[in-house]
Amino acid sequence: MTLYAATSNNNKIKEFNDVLSELGLSVENASHIWKLPEVIEDGKTFEDNAQKKALEIAAYTGRNIFAEDSGLEVFSLNAEPGIYSARYGGENLSDVDKNDLILKKLGKNPNRSARYVCVLAFATPHGIIDTTEGEVRGSIAREPAGKNGFGYDPIFIPDGYQKTFGELDKSIKNSISHRTCAIHNACSKNLFDTRKWK
Ligand code: IMP
């Protein structure tokens, strides 16, 4: 049975399918099939928002859905932008502007530790089946670098590397990212195989 992803972010769908295809799995973008209603992300945590998206879209489409909520936490900025990653600094700021805002707020601060977090929520039209989480730890670069990936990737240097996700090959991001960790956690619970949902 097909599992539909509730996100309008094609970068995320691509990363999901890059990782899932290696496991012989795939997901379909629900927004390519239905005109989905906007889900207001007013939860207090990544998990709240992922569950809300999955539940509302599963109820709307009548299908099994998985949704994700993800973002960047910069520890010396009180874990900003966190759940506000997509609209940090205002709804209309570009990715370049959001990256610049973080670099400006950090200034020369030597404590540049950060992490990306991803929560996946799986739902039927009747309720939540399960959620999984993944993270990748790293630090914020002094300046943006690279054009790979999306969002905050040009300023995020994963631990163990000297380059940003924007510079590193996508195969490296896909082997260690928060999204990949959350996917692997979901796979170990068979959540991408809806026949095994209880
Ligand atoms: P949402 O999950 O749709 O609310 O948006 C999450 C936001 O977090 C994205 O718009 C990006 O700004 C950021 N984000 C999440 N994952 C990544 C990633 O893998 N790379 C870069 N930015 C990310």
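Described in the following lines is the structure provided in the data block.

The rules we used
Residues numbered from 1 in each chain as written. Predicted model: local features only at pLDDT ≥ 70, side-chain atom pairs only at ≥ 80, totals over all residues. Heavy atoms only, no water. Helix = DSSP H or I, 4+ residues; strand = E, 2+ residues; numbered from the N terminus. Buried < 20%, exposed > 50% of the residue type's maximum accessible area, 1.4 Å probe, protein only. Polar contact = N/O pair within 3.5 Å; in protein donor to acceptor, adjacent residues only side chain to side chain. Contact = heavy atoms within 4.5 Å. Pairing = 2+ DSSP bridges. Near = heavy atom within 4 Å. Areas by Shrake-Rupley, 256 points an atom, 1.4 Å probe, with all protein chains shown as cover. Nonpolar A, V, L, I, M, F, W, Y, C, P; charged D, E, K, R; others polar. Expected span 1.5 Å × (residues − 1). Arc of directions from axis to C-beta. Salt bridge = Lys/Arg side-chain N within 4 Å of Asp/Glu carboxyl O.

1. Details of the side chain of T164
Then, number 1: In this structure, T164 sits in the loop between β7 (156–158) and α4 (170–176).
Then, number 2: For T164, a relative accessible area of 2% puts it in the buried group.
Then, number 3: At a separation of 2.6 Å, a polar atom in the side chain of T164 contacts the main-chain carbonyl oxygen of A145.
Then, number 4: The contacts of T164, once residues within four sequence positions are left out, are A141, A145, D153, P154, I155, F156 and I157.

2. Observations concerning the pairing of strand β5 (residues 113–124)
Then, number 1: In terms of burial, β5 is largely enclosed, as 11 of its 12 residues are buried.
Then, number 2: By the bridge criterion, 10 bridges tie strand β3 (residues 65–74) to β5 in an arrangement that is antiparallel. When the bridges of β5 are listed, F66 appears paired with F122.
Then, number 3: When β5 meets strand β6 (residues 127–140), the two strands line up antiparallel, connected through 12 bridges. Within β6, the position partnered with C118 by the bridge is G134.
Then, number 4: Between β5 and β6, which follow one another and run antiparallel, lie 2 residues.

3. Side note on the site of the ligand
Then, number 1: Taken together, 17 residues are adjacent to the ligand, and K12, Y116, D153, K173 and R179 come closest.
Then, number 2: Contact between the ligand and D153: a nitrogen atom at 2.8 Å from a side-chain N or O atom of the residue.
Then, number 3: At 2.7 Å, a side-chain N or O of K173 approaches an oxygen atom of the ligand.
Then, number 4: Surface burial for the ligand is 92%, taken as the share of its 490 Å² of free accessible area covered by protein chains.
Then, number 5: Elements that contribute at least two residues to the shell around the ligand include exactly β3 and α5 (178–188).
Then, number 6: The greatest single-element share of the shell around the ligand, amounting to 4 residues, is contributed by β3.
Then, number 7: Split into classes, the residues belonging to the shell around the ligand amount to 4 nonpolar, 5 polar and 8 charged.

4. A short note on unusual backbone geometry
Then, number 1: A cis amide bond, omega -5 degrees, links E80 with the succeeding residue P81.
Then, number 2: Examined against the element boundaries, P81 turns out to sit in strand β4 (residues 80–81).
Then, number 3: In the Ramachandran plot, N190 falls in the positive-phi region, its phi being about 60 degrees despite a non-glycine side chain.
Then, number 4: The topology assignment puts N190 in the segment after α5.

5. Focus: helix α1 (residues 10–21)
Then, number 1: For α1, with 12 residues, the first-to-last C-alpha span of 16 Å sits near the 16 Å given by 1.5 Å per residue.
Then, number 2: For α1, the set of buried residues is K12, I13, E15, F16, V19 and L20. Considered in projection along α1, the buried side chains sweep an arc of 165 degrees and stay on one side of the axis.
Then, number 3: Against the buried residues of α1 lie β1 (4–5), β2 (28–29), β3, β5, α4 and α5.
Then, number 4: One side-chain oxygen of the residue at the start of α1 lies 2.9 Å from the amide nitrogen of N11, identifying that residue as N9.

6. Some words on the pattern of salt bridges
Then, number 1: Applying the stated criterion across every chain yields a total of 19 salt bridges.
Then, number 2: Note that R179 is salt-bridged to E68, the shortest N-O span being 2.9 Å. Of the two residues, R179 is situated in helix α5 and E68 in strand β3; the sequence distance between them amounts to 111 residues. Across this residue pair, the class does not change: R179 and E68 are buried.
Then, number 3: Where K189 meets D130, a salt bridge forms, and the shortest distance between an N and an O atom there is 3.2 Å. A residue pair is termed long-range when its members are at least 10 positions apart, and K189 in the segment after α5 and D130 in strand β6 qualify at 59 residues.
Then, number 4: The class of K189 is partly exposed, set by a relative accessible area of 42%.
Then, number 5: Connected via shared salt-bridge partners are K12, E15, E68, D153, K173 and R179.

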